[in-house]
Amino acid sequence: MATRNQEIEHLAKLMKKIDIAMLATVGKGGHLVSRPLSTQCASFDGERVWFLTEGDTPKVGEIRRHPKVNVAYASKDANTYLSVAGEARVLRDQALIDTFWNDAMKAFFPRGKDDPNLMLIEVDVDTVEYWDGPGSWIGKALTFAVARVTGNDDVMGENRIVDLRSGRSRKPLSSDAAKRSRKAPAKKAGAKKSPARKKVVAKAAAKKGSAKASKSTATRTQRGGKSARKSASNR
C-alpha cells in the first residue's frame, strides 16, 4: 500500500501533465459555474493548489460566498483525469506571486506580476479522485482488448480516491459495490424462514385457529338452543 508521500508524489506527476484545469464554483441561484485556469503556478505539495486570477472577476465573489470548490484536470492525450475537492480563498501576497510568476503567464496577465488587480486563489485540498490509463493508442487498444477478453475493467486504468487528510486511498465505492453485486449468490426459492418470520406466521395461524374455534362453539350453542326450544314446544 502506498504511503501518503508516495500518493502525493503520484498526484503531483499526474497534475503536471495538464496545462489547464477547470475551476467550479457556486454561482448565482446555486448553479455551478466552471472556467479554465492555467496550472503553471506551482507543483502540488499535498495540501493545496494555487492559481492566479484577476481580482474583479465573478469567481472571486463566488469563492468568498461559497468557498467549497472543485478543480477538474483532463488530458485526452495522456489519458489522465483528476477531480480535486476542497475549500478556496482569495488573497493578495506579492511574495507568493513573485515565486509563482513566469514569463508564460504574461499571455494571461499582460500587465505583469505587479498589477494590483492580480490575486491568488488558494485551494485547500480535501480529496482527489483520479483516473490514469495508458497514454498511447497502442496501449489503449491493448488494454481494451485484454479487458474485453478477461472481463477485468481494472486493466483499462487506475481509478482511486485519495483523502489528503488521512493520507489513505481507496477505490470508489461504486466500483466495489458493483463487483460485490456480481459476485453475490442468487437467493434460493426454498430459502428457510428466519426465526422472526416463523414467529409472525405462528401467531397468525394461532389467531386464525382461535377464530375458527370460537365460531364452532357459537354454532353448537346456537343449535343446542334451537333443540331445547323445539323440545319444549312439543310438550
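Below or above, wherever it landed, is the structure these notes cover. Here the structure is a predicted model, which is why all the values come from computation and not from measurement.

**Some details on the nonpolar core**
Right, so step 1: Formed by 29 residues in total, the largest nonpolar core has its most connected members in Phe-44, Phe-51, Tyr-73, Leu-82, Ile-121 and Val-123.
Right, so step 2: Secondary-structure elements contributing two or more residues to this core are α1 (4-16), β1 (20-26), β3 (48-54), α2 (58-65), β4 (68-75), β5 (80-91) and β6 (118-132).
Right, so step 3: Apart from residues lying up to four places away in sequence, Leu-82 is in contact with Leu-11, Leu-14, Met-15, Ile-18, Val-71, Ala-72, Tyr-73, Val-128, Glu-129, Tyr-130 and Trp-131.

**Observations regarding unusual backbone geometry**
Right, so step 1: Even without glycine at this site, Asn-79 takes up a positive phi of about 60°.
Right, so step 2: Within the fold, Asn-79 resides in the loop between β4 and β5.
Right, so step 3: For Asn-79, a relative accessible area of 17% puts it in the buried group.

**Quick word on α1**
Right, so step 1: Its 13 residues place the ends of α1 18 Å apart at the C-alpha level, agreeing with the 18 Å of an ideal helix rising 1.5 Å per residue.
Right, so step 2: Along α1, the residues that are buried comprise Glu-7, Ile-8, Leu-11, Ala-12, Leu-14 and Met-15. All buried residues of α1 lie within an arc of 160° about the axis, which places them on one face of the element. Within α1, the exposed residues directed more than 90 degrees away from the buried face are Asn-5, Lys-13 and Lys-16.
Right, so step 3: Next to the buried residues of α1 lie β3, β4, β5, β6, β7 (158-163) and β8 (168-170).

**Considerations on the packing of aromatic side chains**
Right, so step 1: Counted according to the given criterion, the structure contains one aromatic pair.
Right, so step 2: Seen from their ring centres, Trp-50 and Phe-100 are 5.5 Å apart, and the 45° between their planes marks the pair as tilted. Of the two residues, Trp-50 sits in strand β3 while Phe-100 sits in helix α3 (residues 94-100), which places them 50 residues apart along the sequence. Exposure class is identical for Trp-50 and Phe-100. Each is buried.

Criteria and thresholds
Residues numbered from 1 in each chain as written. Predicted model: local features only at pLDDT ≥ 70, side-chain atom pairs only at ≥ 80, totals over all residues. Heavy atoms only, no water. Core = buried A, V, L, I, M, F, W, Y, C linked by side-chain atoms within 4.5 Å. Buried < 20%, exposed > 50% of the residue type's maximum accessible area, 1.4 Å probe, protein only. Helix = DSSP H or I, 4+ residues; strand = E, 2+ residues; numbered from the N terminus. Contact = heavy atoms within 4.5 Å. Expected span 1.5 Å × (residues − 1). Arc of directions from axis to C-beta. Phe/Tyr/Trp six-rings, centres within 6.5 Å; stacked < 30°, edge-to-face > 60°.

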